Amino acid sequence: VRLVVVSNRLPVVIARGTGGSLRVEPGAGGLVTALRPVLRNRGGTWIGWPGIEGGGEENLDALLDEAPPDGYRFRTVLLTHEEKEGFYDGFSNEVIWPLFHDTSSRCNFDPRYWETYVAVNRKFAQATARHSADEDFVWVHDYHLMGMAAHYRQIRPGCRIAFFLHIPFPAPDTFLKLPWRFQILEMLLAYDLIGFQTLRDRRNFIQCLRTLITGAQVAGKGMVVTALAGSRCARLGAFPIGIDFQEFSRAAAQADVSEEALRLRADESGRQILLGVDRLDYSKGIPQKLEAFGRALESFPPLRGRVTLVQVVVPSREGIPDYAQQKSRIERLVGEINGRFTRSGWVPIHYLFRALERPTLLAYYRVADAALVLPLKDGMNLVAKEYCAANVTEEGALILSEFAGAAAQMQGSAFLANPFDVEGVARTIHQALSLDPGDRRERMRRLRRGVKEFDIFWWLNSCLRAAFSRDLGHFPVLEDYVPQPEGDHVLLAH
Ligand code: ADQ
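The structure contained in this document is the topic of the report that follows. (Residues numbered from 1 in each chain as written. Predicted model: local features only at pLDDT ≥ 70, side-chain atom pairs only at ≥ 80, totals over all residues. Heavy atoms only, no water.)

Examining the sheet that holds strand β16 (residues 397-401)
Applied cut-off: Note on pairing: DSSP must find at least two bridges between two strands before they are called paired. Elements are defined by DSSP. Helices are runs of H or I of four residues or more, strands are runs of E of two residues or more, and each kind is numbered from the N terminus. Only the stretch in contact is used when a helix axis is fitted, and all axes are lines through C-alpha atoms; the angle between N-to-C directions ranges over 0 to 180 degrees.
Ordered in space as β14-β13-β12-β15-β16-β17, the six strands form an open sheet in which the pairing is parallel. Strands with a single pairing partner mark the edges of an open sheet, and in this sheet they are β14 (349-353) and β17 (415-417). Between one strand axis and the next, the sheet turns through 20° on average, direction left out of account. Where β16 and β17 come together, three bridges link them in parallel fashion. Its bridge partner being in β17, isoleucine 399 is matched across the sheet by phenylalanine 415.

Let's talk about the sheet that holds strand β1 (residues 3-9)
Rule in force here: Contacts between residues were defined by any pair of non-hydrogen atoms, one from each residue, lying within 4.5 Å.
Pairing is mixed in the open sheet, where nine strands are placed in the order β5-β4-β1-β6-β7-β8-β11-β10-β9. The open sheet has two free edges, formed respectively by β5 (73-76) and β9 (217-219), since each of these has just one partner strand. Geometrically, the sheet is characterised by an average inter-axis angle of 25° between neighbouring strands, direction not taken into account. Pairing analysis gives five bridges linking strand β6 (residues 137-141) to strand β7 (residues 160-164), with the strands arranged parallel. Within β7, the residue paired with tryptophan 139 across the bridge is alanine 162. Where helix α5 (residues 148-155) meets the sheet, its contacts fall on β1, β6, β7 and β11 (232-238), and the angle it forms with β7 comes to roughly 175°.

Regarding the nonpolar core
What counts here: Side-chain atoms within 4.5 Å are what join buried Ala, Val, Leu, Ile, Met, Phe, Trp, Tyr and Cys residues into a set we call a nonpolar core. The cut-offs for exposure are 20% and 50% of the maximum accessible area for each residue type, with area from a 1.4 Å probe on protein chains only; residues under the lower value are buried, those over the upper are exposed, and the others partly exposed.
Judged by nonpolar contacts, the single largest core of 98 residues is most densely connected at Met148, Phe169, Ile184 and Phe205. Per element, the largest residue contribution to this core is nine residues, and it comes from helix α4 (residues 111-130). In this structure, methionine 148 is in contact with Val6, Asn121, Phe124, Ala125, Thr128, Val138, Val140, Ile161 and Tyr191, ignoring residues within four places of it in sequence. In this structure, Leu39, Ala162, Leu264 and Tyr387 belong to the second largest nonpolar core, which totals 72 residues.

Focus: the packing of aromatic side chains
What counts, and what does not: Each aromatic pair joins two rings of Phe, Tyr and Trp (for Trp, the six-membered one) with centres within 6.5 Å, and gets the label stacked for planes under 30 degrees apart, edge-to-face for over 60, and tilted for any other angle. Charge-over-ring contacts are defined here by two conditions on Lys NZ or Arg CZ: a distance within 6 Å of the ring centre and an angle within 35 degrees of the ring normal.
In the structure shown here, the tally under the stated rule is 25 aromatic pairs. Where phenylalanine 87 meets tyrosine 117, the ring centres are 5.9 Å apart and the plane angle is 25°; that geometry is what we call stacked. Here the residue phenylalanine 87 occupies a position in helix α3 (residues 81-100), and tyrosine 117 occupies one in helix α4, the gap between them amounting to 30 residues. Ring pairs connect the aromatic residues Phe87, Phe91, Trp114, Tyr117, Phe124 and Trp180, which therefore count as one cluster. Looking at arginine 443, its charged tip hangs above the ring of phenylalanine 415, at a distance of 4.0 Å from the centre.

Okay, structure coming up:
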């Protein structure tokens, strides 16, 4: 039995160099780090788009086979320019992403996007059927591919196919705005299992089901329940995604990271450091966070000259107008706040617009006195968990949005804040920075215990058991396996 993982993007990117030659580059990130242990050395297949438009004239699968990853193989789904625009930029990122993050005013419900979305989901189903066998387990990831099982089942009626939604599922008031609301629900019900990040997301899905599908019923209690609608029966689970805690805390304790952390600390000697690390996205609440930091400097004058905010923004989806605007807004706010408060020897906001190498990211996590993780809405938010895992000295504080999926697990020990409440966040910043070190340590210890217990292996095993009654141990390790070094930690483009 093999596992076949399907996601919009492959964990590698094929790029065309000068002269038209092709090269394969790592495209690792959250999803990749999460899924690598399932596939590594188990002879499975990962199917996805390699990030290049067209490419039909070359044999990309053969190119990828030349440098096979860790004991599994890649198979590509090729998209034309029009397909990429309608399916990825259009339906996925201008309809589903804003709607599911509660910003329906940003949605562009263009009917042509929908047609392309359905057609590309069919294309993914056909490619998956070509590269898998009847008995394989197919595990599909994220909102780009909600419609894949419906097509796949037509080709393979007896298949076993599961889905995990990495982003939130909206409440009925929001979901009902979607012109294709019935179709999306019906498509999702073609999966054997639908995994959500939190119980709230699953509750929202069940409420939408009850509102829209006459006679829909939900049976059972606990981590996995069963939805019955017409002839379909799908299981629904809530599995908060985690990180590889051991790997993060081990890497954070290494000498190169410790040295870099010391250098960063020396640059800010005598000051406290606040850290924000976010992909460029309006759902991450970066402008609101900057405003709250400015408000904290205004309302609590002793913070001036005593605290620095390092805000890292990772470039993402810059071709979409909303994202370009978001970037300008962030840069204007950084300029305004720095213009107002900077004084000799102190610049309040250090703004980095780029992806960081993993040791640098870890050094920032280690040195920060508090992390500001304040998305307006987020499926989970791995930065919150990575910060805790990397905080090996246990001196840091986590300031976390109530609207991050991670809040459900971390609310007891993080400083929860409403990112829409500028004054409230400013007060929380002040409170977290002035807390007694013993209390901070106690909170961080509890946070780290939780991140360690519910780590990525817990998540993988919970999902695999619920979907296929298997855990990782059932996918046998290949005998001639030689482990490869861990790749660099780079953000996955959605
Ligand atoms: P994202 O929206 O991308 O993921 P997040 O969960 O925060 O958000 O993951 C971002 C990843 O990128 C983290 O692993 C982080 O380390 C990395 N990263 C961030 N900034 C970086 C930088 N400057 N340099 C290098 N790497 C950086 C989606 C959902 C989330 C959900 C995840 C996983 O939107 O809600 O938690 O999938 O399910």
